[in-house]
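The chain contents come next:
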Amino acid sequence: MGMVAEQVLRAFWPLFSILMVLLAALMLGLQDQFAVEVVWGAGALSLIAIVVAGVWGLRRVSLPSRADALMRLDETLPGRPIQALMDDQAIGSTDQDSVALWQAHKDRMAQRAATAAPAKPDLRLASRDPYALRYAALLAFVVAVLFGSLWRVGSVADMAPGTANAGQGPTWEGWVEPPRYTGLPTLYLADQADTELSVPKGSRITLRMYGEVGAHSLTENSSTLGTEAAVDPEQEFVAERSGQMRIDGPAGREWAVQVIDDATPKIAVAGSAKAEAGGQMKLPYVASDDYGVVSGSARIELDLAAVDRRHGLTIKPEPREVIEIELPMPITGDRADFSEDLIEDFSQHPWAHLPVKITLIAVDAADQQSASEPFMTALPARRFFDPLAAAVIEQRRDLLWSRSNAPRVAQLLRAVSHLPEDLFRSDTAYLRLRVALRRLEAFQTYGALNPEQQEEIAQALWELAVLIEDGTLADALERMRRAQERLTEAMQNGASDEEIAELMQELREATQDYLQQLQRLAQQNGQEGENQPGQSGESLQMTQDDLQRMMDRIQELMEQGRMAEAQQALEEFQQMMENMRVTQGQGQGQQSEGQQAMEGLAETLREQQGLSDQAFRDLQEQFNPGAQSGESQGNEGRNGGLGRGQSHEGQGGQGQGSDQAGEGEQGQGSLADRQQALRNELNRQQQNLPGAGTTEGDAARDALGRAGRAMDEAEQALRGDDLAEAIDRQSEAMEALREGMRSLGEAMAQNQQNQPGQGTQEGEAQANNRDPLGRNPGAGGSISTDENLLQGEDVYRRARELLDEIRRRTGETDRPEIELEYLKRLLERF
């Protein structure tokens, strides 16, 4: 059966392809797009192609015989057992031993033939169809099945001249296409069994009449003009209202068309308008529509009747255009029902903090609009806590309200700046105010203030207010005091939680800047025990975590509404910061005992890593001589020169290695000697190890003891020229060293907790050192930090390069087996 399938498929694949293409064209209705002559001409050509393909296939098909089947089955078995069973003994038939041998051979072949399984047929046609035409035909047929209709195949008979639907009679087809924005599918009218047809407004209804002209007619009153007994072969109209649609004729149908109106979108303000800490307005809103909101806008108008007409607002305001801004729409998801926030900065607008009327407008895909109820609110904008900055902003508002306020604004600004000594904390702010004032007076002197000059002065006053509020203070302490004052005023004025959170963040940043400036000042002046100017003799030593906890406590009290306690805690924080001094470390020459031990162990670990790398390079050269010269450039320098020293190091173009031996170890002549020296150094470090009697200290001593024993075993392996064993023992030693350093760091951290005041100096001393991986040690003796291993380069790219190189070497099968195993262990670990 498999061989029959092969023969049929190889002989008739052109016929099958032609049939699939022909059916696909008919099911997709391509015949309806061309003239009758073209369709029947293509049909004739298709029929000729089918006949030719069928004859071609019949001439090439050949049904397999039993012998062919046995031969195919025999080819799948080793030794051709079926053919052997069919053979006869040619010679030695009279020899009893020869006959017995032949019979034994046939028995074995019979046993092998009994295990035969059906041979799989070879149905591949690539050699016979190099352009994959059969797949193109199959694709067209699948598309036609998914998106076409078998009803359209019969429409070809309607195109026969003089024989239109002789057997079937007149017929019709129809489709209802809803507007694209609705996302609804097209309806095929012939499949609509219900007499009531519900369609969205604006749906396009298309009808095609087949057969004799006039056999069918259309009558409808759902379109704008309606249709009465139309007999055209193709009818099309747009459903705008509910009504009746009737097809008169032998295959007539009638529907009650129910047009579903497109609902107008809905939009409303969902909450109060608030000002973010940065001054942006945040206005939540909700919107919905049956098919989704396309766009929206906000219209902001001045509510003049609600304005408190005092001071500079008493005169008539200058006319200004209504503010119109686009509403943010969801980028992803359904727009049929959603909520969003309008965030916009109106801090520099003349209506900032004045009563306004906000109207939201939503637009749907049918271009229908709807507006929300007007929302009355004061236009949120940036708040200025500094009294002088607030006064400047008020005069800016009056100037933008009307240019007639210019003399009054100039007079008030001149009065404000009359005695600047106790008012301005910055000479720059005072000078900028005087410049803006003189320009304003000059504009008044030489003519009326025009709109461009008005905007210029308003921009200068805005920049001045921001300068006064934020400040460009050279002293970070002043900035911290300003942040504290802002926070105090916000608590007293009942600011929102978001604004308090922003001000707390500003206080944190100002405090951090203040501490960093004190550190820089102490480093520049060499002051390690003297108080800063303006500070008391009391010395407070605190870590950054302590300050962070205090500020977190203040924020927590404010969030709980305990403003009195929060105010008291803030005052204590202010007093503490006034009296704080930042102490520097005692210098590299005065490191603690624990820091010295940690630094020595780090150096030992680096040297052990260098010895291990050198042993691995020696192992490579043993099994693959000459390869080292090509790879030494990539390996050299990873360990800072540690671990080099064999004479073969220079054979790749670096000269003889005898003059380089001991470059990292002051003359050690061999790896074994240097390993022994490193073991002796570890013994010396163990004797001076701190933390005795503590759990962490004992754990560190145990780990370093294991490291020492592994070093001894590595030395013995090196003297026995067993480099593979030496590398394994060196790896154990490095792992034990890391574990010991980790335990020692925990012991140091525990010691710091028991001895307050030591943590800052210990941590600052450690900041000048690096661990074996090139990182800064963590505070409190910890050997791990969040700092990247590689500084200043793409660590992920470098990691990928290293992994790719290891994988490349793993794929080189000519490398020694021991090296391949080592590379595989690296891949498994990393």
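Definitions and cut-offs
Residues numbered from 1 in each chain as written. Predicted model: local features only at pLDDT ≥ 70, side-chain atom pairs only at ≥ 80, totals over all residues. Heavy atoms only, no water. Helix = DSSP H or I, 4+ residues; strand = E, 2+ residues; numbered from the N terminus. Buried < 20%, exposed > 50% of the residue type's maximum accessible area, 1.4 Å probe, protein only. Contact = heavy atoms within 4.5 Å. Core = buried A, V, L, I, M, F, W, Y, C linked by side-chain atoms within 4.5 Å. Axes fitted to C-alpha atoms, helices over the stretch in contact; angles between N-to-C directions. Parallel < 35°, antiparallel > 145°, perpendicular 65-115°, else oblique. Nonpolar A, V, L, I, M, F, W, Y, C, P; charged D, E, K, R; others polar. Pairing = 2+ DSSP bridges. Salt bridge = Lys/Arg side-chain N within 4 Å of Asp/Glu carboxyl O. Polar contact = N/O pair within 3.5 Å; in protein donor to acceptor, adjacent residues only side chain to side chain. Expected span 1.5 Å × (residues − 1). Patch = residues over 30% accessible without salt bridge, like charges linked within 9 Å, V, L, I, M, F, W, Y side chains within 5 Å. Areas by Shrake-Rupley, 256 points an atom, 1.4 Å probe, with all protein chains shown as cover. Left-handed = near helix turned anticlockwise from the far one by under 90°.

### Observations regarding the overall build of the chain
For the chain, the helix and strand inventory stands at 22 helices and 18 strands. Counting only residues that meet the buried cut, the chain has 39% of its 830 residues in that class. Counting contacts in the chain only where the partners sit at least 6 residues apart, residues at least 24 apart contribute 68% of the total.

### Brief notes about the nonpolar core
By size, the foremost hydrophobic cluster in this structure holds 31 residues, and its most contacted members are L601, L682, L689, L737 and L744. For this core, the secondary structure elements donating two or more residues are α15 (593-623), α17 (671-687), α18 (695-719) and α19 (723-754). If one sorts the elements of this core by residue count, α19 sits on top with 10 residues. In contact with L737, not counting residues within four places along its chain, are L601, T604, L605, L682, L704, A707 and M711. Listed in part, the 26 residues of the second largest apolar core include I267, F338, W351 and L379.

### A few points about the packing of helix α1 (residues 2-27) against helix α2 (residues 36-60)
Between two packed helices, the angle of one axis relative to the other and the distance separating the axes together describe the packing. Interhelical geometry of α1 versus α2 gives an angle of 170° and a closest axis separation of 8 Å. In terms of orientation, α1 lies roughly antiparallel with respect to α2. Note on element contacts: α2 touches α1 through S46, A49, I50, A53, G54, W56, G57, L58 and R60, opposite Q7, R10, A11, F12, P14, L15, I18, L19 and L22. The residue makeup of the contact of α1 with α2, split by class, is 12 nonpolar, four polar and two charged.

### Observations regarding the pairing of strand β4 (residues 203-210)
Strand residues, when the strand is regular, have side chains that alternate between the two faces of the sheet. Where burial is concerned, most of β4 is hidden: six out of the eight residues are buried. Across seven bridges, strand β1 (residues 171-177) lies against β4 in antiparallel orientation. Bridged to W175 within β4 is T206.

### Considerations on the pattern of salt bridges
Taken as a whole and assessed by the stated rule, the structure comprises 29 salt bridges. Ionic pairing is found between R134 and D129, a salt bridge with its closest N-O pair at 2.9 Å. Both residues of the pair, R134 and D129, count as buried. Bridged by salt links that share partners, the residues E805, R808, R809, E812, R815 and E819 form one connected network.

### Brief notes about the sheet that holds strand β2 (residues 187-188)
Here four strands make up an open sheet; going across it, the order is β2-β1-β4-β7 and the pairing antiparallel. Since the sheet does not close on itself, it has two edges, and those belong to β2 and β7 (234-239), each with one partner. For β1 and β2, the ladder comprises two bridges, and the chain directions are antiparallel. Paired with W175 across the strands is Y188, a residue of β2.

### Observations regarding unusual backbone geometry
In this structure, H353 is a non-glycine residue whose phi angle is positive, near 70°. Mapping H353 onto the fold places it in the loop between β15 (337-345) and β16 (355-364). The class of H353 is partly exposed, set by a relative accessible area of 42%. If you check the backbone angles, D367 has positive phi at about 65° while not being a glycine. Inspection of the secondary structure assignment puts D367 in the loop between β16 and β17 (369-371).

### Some remarks on the side chain of R486
With respect to the helices, strands and loops of the structure, R486 is situated in helix α11 (residues 476-492). On the basis of relative accessibility, which here comes to 8%, the residue R486 falls in the buried class. Among the polar contacts made by the side chain of R486, one reaches the side chain of E506 at a distance of 3.1 Å.

### Description of helix α9 (residues 427-445)
Residue pairs three or four apart in sequence face the same way in an α-helix, which turns once every 3.6 residues. Taking 1.5 Å per residue, 19 residues should reach 27 Å; α9 reaches 27 Å between its end C-alpha atoms and fits that length. Looking only at α9, the buried set comprises A429, L433, R434, A436, L437, L440 and F443. With its phi angle positive at about 135°, G447 sits one or two positions after the end of α9.

### Here we look at a nonpolar patch on the surface
Taken together, the side chains of L28, L30, F34, V38, Y135, L138, L139, V142, V143, L146 and F147 define a hydrophobic patch exposed on the protein surface, amounting to about 1100 Å² of accessible area. It is helix α6 (residues 133-147) that provides the largest number of residues to the nonpolar patch, a total of seven residues. Looking at where V142 falls in the secondary structure, it is placed in helix α6.

### As for α1
Taking 1.5 Å as the rise per residue, α1 with 26 residues should run 38 Å; its terminal C-alpha atoms sit only 32 Å apart, a clear shortfall. Of all the positions in α1, only M3, E6, A11, F12, W13, P14, L15, S17, M20, A24, L26 and M27 are classed as buried. One or two residues past the end of α1 sits G29, with phi positive at roughly 75°.

### Here's the deal with the packing of α1 against α6
Here α1 crosses α6 at 30°, and the two axes come no closer than 8 Å. The pairing of α1 with α6 is recorded here as roughly parallel in orientation. In this structure, α1 crosses over α6, and the sense of that crossing is left-handed. Touching W13, S17, M20, V21, L23, A24 and M27 of α1 are R134, A137, L138, A140, F141, A144 and V145, all from α6.

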